[in-house]
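Okay, here's what each chain looks like letter by letter:
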Amino acid sequence: MGVPLDDWKSTQKTIRNLFATCGTVNRVYLPLEEDGATFKKGIAYVHMSTYEEACEAVKRLQNSEIEKQNISVDFKRPPVQETVKEEFRSYSQVVLSGQQEQTPVTPANIVSVVKKVVEEEDRSRNVMVFGLVEEKNEDLNAKIVDIMEVIGEKPKMEVCRVGKGKDSRPRPVKVALSSLLIVWQVISKSPRLSEKDKFKTVFLSPDRSYDQRAVHRTLIAELKRKKAD
């Protein structure tokens, strides 16, 4: 059944608390029905702070319960238009709370929100490949196909090197895939690359933003510190 608007905070809190057992929850989004009075039946989007935490949530929370109902958990992003609506709902809540002077809704903010949503949508379908030897006049597509064969995937994809290559290190490769689910499948199987000598220095990761990379570095440093202790 749909969630009444007056119950959405409690439902959102229940979902947030469940997923918080797997990491930091950045946002819980419940899309609205067309009538604008109830939330859509049987769906919610949970944005975890890192890709690794999202993987943990998919594995650990599969077939768990929320309000006496079994749930399935998978990688999925809300449609772009829904995400934009949610961003502006957040603006509305700020205005209603009397903080409009701190966060004004201006044309520039509108452009910024749409740009942010589109960039996140595009990035979520990318895999970054690091450490792949770069050669002059290389057949980059063939190299990535070789990687995919090792990990047992044959996805449709577009590939390109990114960056200017300021030193002798190979530039990373951006691999654009068709969905977030395929990104997860590819990255989850990437440890197989270490079994092949020519790919021992190659590793795959999600396409993280600057802020996400900073958070990831902090988490890695914290893990290393805990291991050292």
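Right above here is the structure, for reference.
By convention here, each chain's residues receive numbers from 1 onward along its written sequence. It should be noted that, the model being predicted, local features are given only for residues of pLDDT at least 70 and side-chain atom pairs only at 80 or more, the latter also being counted only at that level, while totals for whole chains, interfaces and linings use all residues. Excluded from the side-chain calculations are hydrogens and water; all other atoms, namely the structure's heavy atoms, are used.

1. Re the overall build of the protein chain
Thought 1: In DSSP terms, a helix is any run of H or I states spanning at least four residues, a strand is any run of E spanning at least two, and both are numbered starting from the N terminus. Counting its regular elements, the protein chain contains seven helices and ten strands.
Thought 2: Split into buried and exposed, the 229 residues of the protein chain put 32% on the buried side.
Thought 3: Sequence separation of 24 or more characterises 60% of the internal contacts of the protein chain that already satisfy a separation of 6 or more.
Thought 4: Surface accessibility follows the Shrake-Rupley procedure with a 1.4 Å probe radius. Residue values consider only the protein chains on display as shielding. Carbon and sulfur atoms make up 52% of the accessible area of the protein chain, which amounts to about 14900 Å² in all. The buried label goes to any residue with under 20% of its type's maximum accessible area, the exposed label to any with over 50%, and the partly exposed label to all in between, with areas taken from a 1.4 Å probe on protein chains only. Working rule for contacts: check all heavy atoms of both residues, and any pair within 4.5 Å makes them a contact.

2. A word on the nonpolar core
Thought 1: Nonpolar core, defined: a set of buried Ala, Val, Leu, Ile, Met, Phe, Trp, Tyr and Cys residues in which side-chain atoms within 4.5 Å join the residues together. If you look at the biggest cluster of nonpolar residues, it comprises 39 residues, and the most contacted ones within it are Phe19, Val129, Leu132, Ile144 and Val175.
Thought 2: Sequence-distant contacts of Phe19, defined by excluding residues within four places in its chain, comprise Val25, Val46, Met48, Ala57, Leu61 and Val73.

3. Re the pattern of salt bridges
Thought 1: We count a salt bridge whenever a side-chain nitrogen from Lys or Arg sits within 4 Å of a carboxyl oxygen from Asp or Glu. All told, the structure shown has seven salt bridges when counted by the stated rule.
Thought 2: Across the salt bridge formed by Glu138 and Arg161, the nearest N and O atoms sit 2.9 Å from each other. Residue Glu138 is located in the loop between strand E7 (126–130) and helix H5 (140–151), and its partner Arg161 is located in strand E8 (residues 158–161); the two are separated by 23 residues in the primary sequence.
Thought 3: Through salt bridges with shared partners, a single network forms among Glu135, Glu138, Lys143 and Arg161.

4. Points about the side chain of Glu53
Thought 1: By secondary structure assignment, the location of Glu53 is in helix H2 (residues 51–60).
Thought 2: The buried charged residue Glu53 lacks any salt bridge partner; its closest oppositely charged side chain belongs to Arg60, at an N-O distance of 9.7 Å.
Thought 3: Of note is the side chain of Glu53, whose polar atom sits 2.6 Å from the side chain of Ser49.
Thought 4: If sequence neighbours within four positions are ignored, Glu53 has contacts with Cys22, Gly23, Thr24 and Met48. For the charge count, each Lys or Arg is scored as positive and each Asp or Glu as negative, with His and the chain ends excluded. For the purposes of these results, a polar contact is taken to be a pair of N or O atoms within 3.5 Å, where, inside protein, one atom must be able to donate a hydrogen and its partner to accept one; residues adjacent in sequence count only when each atom of the pair is a side-chain atom.

5. Quick word on unusual backbone geometry
Thought 1: Even without glycine at this site, Asn63 takes up a positive phi of about 65°.
Thought 2: Relative to the helices and strands, Asn63 is located in the loop between H2 and strand E5 (65–66).
Thought 3: Despite not being glycine, Asn137 has its phi angle at roughly 55°, a positive value.
Thought 4: On the secondary structure map, Asn137 appears in the loop between E7 and H5.

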